[in-house]
Amino acid sequence: MSNANPFAAPQSRVDDRPTDIDKLPVSERWKEKFRLFRKAGAPSFSNLKNLPPDERKRASFGFNILAFLFGPFYYVAKGMWRKGLVLFLVCLLVVIVLDAVFELLGYGRFGKALGYGVAAVFAVRANIDYYKKMVLGDNGWW
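The structure displayed is predicted, hence computed values, not measured ones. (Residues numbered from 1 in each chain as written. Predicted model: local features only at pLDDT ≥ 70, side-chain atom pairs only at ≥ 80, totals over all residues. Heavy atoms only, no water.)

### Description of the overall build of the chain
- Looking only at helices and strands, one finds seven helices and zero strands in the chain.
- Beginning at the N terminus, the succession of helices and strands in the chain can be written as α-α-α-α-α-α-α.
- A globule of 142 residues ought to have a C-alpha radius of gyration of about 14 Å, yet the chain, at 19 Å, is considerably larger.
- Projecting the C-alpha coordinates of the chain onto the three principal axes gives extents of approximately 70 × 35 × 30 Å.
- Out of the 142 residues belonging to the chain, those deemed buried represent 31%.
- A separation of at least 24 residues holds for 62% of the contacts in the chain among residues at least 6 apart in sequence. (Helix = DSSP H or I, 4+ residues; strand = E, 2+ residues; numbered from the N terminus. Rg over C-alpha atoms; globule rule 2.2 N^0.38 Å. Buried < 20%, exposed > 50% of the residue type's maximum accessible area, 1.4 Å probe, protein only. Contact = heavy atoms within 4.5 Å.)

### Observations regarding helix α5 (residues 81-105)
- With 25 residues, α5 extends 36 Å between its outermost C-alpha atoms, agreeing within 8% with the 36 Å of an ideal straight helix rising 1.5 Å per residue.
- Those residues of α5 that fall on the buried side of the exposure criterion are Lys83, Gly84, Val86, Leu87 and Cys91.
- Along its buried surface, α5 packs onto α4 (72-77) and α7 (114-134).
- Residue Gly106 follows α5 closely and has a positive phi angle near 85°. (Expected span 1.5 Å × (residues − 1).)

### Re the environment of Glu32
- Tracing the sequence through the fold places Glu32 in helix α1 (residues 28-40).
- Residues Glu32 and Asp22 lie ten residues apart in sequence; the distance between their C-alpha atoms is 9.3 Å.

### Considering the nonpolar core
- In terms of nonpolar packing, the biggest core is built from 21 residues, with Leu24, Val26, Phe34, Tyr75, Tyr130 and Tyr131 touching the most fellow members.
- Sorting the residues of this core by element identifies α1, α4, α5 and α7 as the ones contributing at least two each.
- Per-element tally for this core: the top contributor is α7, with seven residues.
- Apart from the residues lying within four places of it in its own chain, the contact partners of Phe34 are Ile21, Leu24, Val26, Tyr130, Tyr131, Met134 and Val135. (Core = buried A, V, L, I, M, F, W, Y, C linked by side-chain atoms within 4.5 Å.)

### Observations regarding the packing of aromatic side chains
- Per the stated rule, a full pass over the model turns up ten aromatic pairs.
- Relative to Tyr131, the ring of Phe34 lies with its centre 5.7 Å away and its plane at 65°, an arrangement referred to as edge-to-face. In this pair, Phe34 is assigned in helix α1 and Tyr131 in helix α7, connecting sequence segments 97 residues apart. Here the two residues Phe34 and Tyr131 agree in accessibility, since each one is buried. (Phe/Tyr/Trp six-rings, centres within 6.5 Å; stacked < 30°, edge-to-face > 60°.)

### Quick look at the packing of α1 against helix α2 (residues 53-60)
- Put simply, α1 and α2 touch, their axes get as near as 10 Å, and they point 110° apart. The orientation of α1 with respect to α2, classified from their angle, is roughly perpendicular. Contacts between α1 and α2 involve Glu32, Leu36, Phe37, Lys39 and Ala40 on the former and, on the latter, Glu55, Arg58 and Ala59.
- Residues of the contact of α1 with α2, tallied by class, amount to four nonpolar, no polar and four charged. (Axes fitted to C-alpha atoms, helices over the stretch in contact; angles between N-to-C directions. Parallel < 35°, antiparallel > 145°, perpendicular 65-115°, else oblique. Nonpolar A, V, L, I, M, F, W, Y, C, P; charged D, E, K, R; others polar.)

### Overview of a nonpolar patch on the surface
- Taken together, the side chains of Val76, Trp81, Leu85, Phe88, Leu89, Val90, Leu92, Val94, Ile96, Leu98, Trp141 and Trp142 define a hydrophobic patch exposed on the protein surface, amounting to about 1,200 Å² of accessible area.
- If you tally residues by element for the nonpolar patch, the top one is α5, at nine residues.
- Positionally, Ile96 belongs in helix α5. (Patch = residues over 30% accessible without salt bridge, like charges linked within 9 Å, V, L, I, M, F, W, Y side chains within 5 Å. Areas by Shrake-Rupley, 256 points an atom, 1.4 Å probe, with all protein chains shown as cover. Salt bridge = Lys/Arg side-chain N within 4 Å of Asp/Glu carboxyl O.)

### Notes on unusual backbone geometry
- Cis rather than trans, the peptide bond between Ala42 and Pro43 has omega equal to 10°.
- Topologically, Pro43 is positioned in the loop between α1 and α2.
- At Phe45, a residue that is not glycine, the phi angle is positive and equals roughly 55°.
- Tracing the sequence through the fold places Phe45 in the loop between α1 and α2.

What follows is the structure in structure tokens.
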């Protein structure tokens, strides 16, 4: 008789995803990042704690300098225009609200620095969004 619980949630391994990273039309550097992300359990990075320290550091450092500099244009260039558009509109709305709040509180100078925060949002999200597009096939609006 089997010891498996018939009422338990189905279990799957992280490596059971259908896309073969080696066959993707991206550079070797991106393939290396994608393999590391898959090993870490991306997109939620559920397996990050089980990685060796050097791999954990490389997997968790997701700052993309080109996305920081070019923001939504980087997303368009990578074919993620929907996510770039939504991210830009959400950030724009947040910046407008925060700028108005800072002006009311008398801290208008801080409102001028919010653009760097928007650039940082694009820089931090770009790698994982590209992973989701290329490996998981998720190129949705969010």
